[in-house]
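Single-letter residue listing:
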Amino acid sequence: MDKGLSLKEIGEFGLIDYFKKISKLDRRVLRGIGEDAAVVSYTKKKYLLFTTDMLIEDIHFKIKEATPYEIGWKALGCSLSDIASMGGRPLYALVSIGVPEKTSFNFIRKIYQGINGLADIFKVKIVGGDTNRAERLIIDVFLVGEVEKGKVVYRKGAKLNDVIAVTGSLGNSYKSKKHLRFVPRIKEARFLINNFKINAMIDLSDGLSSDLFHILKENKKGAIIFKEEIPLSPKASFEQALHEGEDFELLFTLTEKEAGRISAEKKRINFPISFIGKIIEGEKMWLYSKKGDFKAIEPQGFRHF
Ligand code: ADP
Ligand code: MG
């Protein structure tokens, strides 16, 4: 790699590819960089999952538009969403904060009420962290979870002709404040892996086009998306649903037969699942609309560089 390259030229994903290339693993690491959470040997029946997510003021939230409670909630929520995408159960968290000196104690207290509000729902224990002074508010949540060996779901595993499915609805997450208030899909992911054979899964943080592309790249497959099947959140445009991100829904693939079982059992399933597309040959994404339009789409979600 040319050391003179700028980060913009390498790009966020190029940088992560570089980290992956130079990382040295041992036998106990089943998955390292490139998954929503790292997967490490643990007990006879279970793997450990590790994930971390950092929120930075003015990038992931704005102090004027988010309450401290919401900031705390989102900080843990992002990491929980990554554990969900592996089919895991969250266990323990470390919370690190960088805080401008002028911040009031009350503000920090409310951030922690938000973290604990969500931690209580999923019985996550906060077992440590780090506290520092910073120019802008920064929160990082490192989360450990576990998953049964036979049930872990990776980005890899999507098969030709698999149905592509998504939970909930997509788009308009910033304006509607869903990105600050979402309940991570832990329970839904557990339900799915306990009742159906899920071939591949990722959580929707960067945006549908971008996150689906991660699955496609990992599996050397393509996808066709049926425009009218994408579930739009209230007031969301189709473009937002496709590219905007921070929906923190689950995107997964399964065989047509398993998708059929989901359809047949819809009454028993108490959260929305939409079938939005299909896995095909070739490493491209295509958008098909009922009007007959058929066009290639590029991944366009949020990038830091
Ligand atoms: P997600 O949106 O699911 O949290 P990211 O896009 O943040 O995932 O990261 C993609 C992958 O790259 C993950 O496996 C993550 O652990 C890894 N990763 C991201 N940043 C770094 C870094 N600075 N060093 C090592 N690994 C990283
Ligand atoms: Mg993720």
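Reference entry: report on the structure contained in this document. Predicted model, so just to flag it, every value in this text is computed and none were measured. (Residues numbered from 1 in each chain as written. Chains lettered and ligands numbered in written order. Predicted model: local features only at pLDDT ≥ 70, side-chain atom pairs only at ≥ 80, totals over all residues. Heavy atoms only, no water.)

**Section: the sheet that holds strand β11 (residues 273-280)**
In step 1: If you trace the 7 strands from one edge of the open sheet to the other, you get β8-β10-β7-β11-β9-β12-β13, paired in mixed fashion. Of all the strands in the sheet, the pair left with one neighbour each is β8 (200-203) and β13 (294-297). Neighbour-to-neighbour, the strand axes of the sheet open up by a mean angle of 25 degrees, direction not taken into account.
In step 2: Relative to strand β12 (residues 285-288), strand β9 (residues 222-226) runs parallel, the two sharing 4 bridges. (Pairing = 2+ DSSP bridges. Helix = DSSP H or I, 4+ residues; strand = E, 2+ residues; numbered from the N terminus. Axes fitted to C-alpha atoms, helices over the stretch in contact; angles between N-to-C directions.)

**Brief notes about the coordination of the magnesium ion (ligand 2)**
In step 1: At 2.0 Å from the magnesium ion (ligand 2) lie its protein donor atoms, namely D36 (OD), D82 (OD) and D203 (OD).
In step 2: When the donors of the magnesium ion (ligand 2) are listed by position in the chain, the intervening gaps give D-x45-D-x120-D. Taken together, the residues span a long stretch of sequence, with D36 in the loop between β1 (29-31) and β2 (38-41) and D82 in helix α3 (residues 68-85) at a distance of 46 residues. Neither residue differs from the other here; D36 and D82 are each classed as buried. (Donors = N, O, S within 2.8 Å, 3.2 Å for Na, K, Ca; no water. Buried < 20%, exposed > 50% of the residue type's maximum accessible area, 1.4 Å probe, protein only.)

**Comments concerning the packing of aromatic side chains**
In step 1: Tallied over the full model, the rule gives 9 aromatic pairs.
In step 2: Aromatic pair F50 and F142: ring centres 6.0 Å apart, planes at 20 degrees, arrangement stacked. Here F50, found in strand β3 (residues 46-56), pairs with F142, found in strand β6 (residues 138-148); they are 92 residues apart in sequence, far enough to count as distant.
In step 3: Judged by relative accessible area, F50 falls into the partly exposed class, the value being 28%. (Phe/Tyr/Trp six-rings, centres within 6.5 Å; stacked < 30°, edge-to-face > 60°.)

**What about the pairing of strand β10 (residues 250-254)?**
In step 1: Across the 5 residues that make up β10, a large majority, 5, are buried.
In step 2: A two-sided burial pattern is seen for β10, the buried positions comprising L250, F252 and L254 on one face and L251 and T253 on the other.
In step 3: Here strand β7 (residues 163-167) pairs with β10 via 4 bridges, running antiparallel. By the bridge assignment for β10, A165 is matched with F252.
In step 4: Relative to β10, β8 is paired through 4 bridges, and the arrangement is antiparallel. The residue of β10 that forms the bridge with I202 is L251.

**Digging into the site of ligand 1**
In step 1: With respect to spatial proximity, the complete set of residues near ligand 1 consists of I16, F19, I33, G34, E35, D36, D53, D82, R155 and S205.
In step 2: G34 places a main-chain nitrogen or oxygen 2.8 Å from an oxygen atom of ligand 1.
In step 3: Protein coverage of the free-state accessible area of ligand 1, which is 560 Å², stands at 64%.
In step 4: Classifying every residue of the shell around ligand 1 gives 3 nonpolar, 2 polar and 5 charged. (Near = heavy atom within 4 Å. Polar contact = N/O pair within 3.5 Å; in protein donor to acceptor, adjacent residues only side chain to side chain. Areas by Shrake-Rupley, 256 points an atom, 1.4 Å probe, with all protein chains shown as cover. Nonpolar A, V, L, I, M, F, W, Y, C, P; charged D, E, K, R; others polar.)

**What to know about the nonpolar core**
In step 1: One finds L192, I198 and F252 to be the most contacted residues of the largest nonpolar core, which totals 57 residues.
In step 2: The element contributing the most residues to this core is α3, with 8 residues.
In step 3: Looking at which domains feed residues into this core, each of domain 1 (23-148) and domain 2 (163-297) supplies at least three.
In step 4: Excluding residues within four positions of it along the chain, L192 makes contact with I198, L250, F252, I262, F271 and I273.
In step 5: Counting 23 residues, the second-largest nonpolar core is a separate cluster that includes I202, L216, F238 and L242. (Core = buried A, V, L, I, M, F, W, Y, C linked by side-chain atoms within 4.5 Å. Domains from an automatic or database assignment. Contact = heavy atoms within 4.5 Å.)

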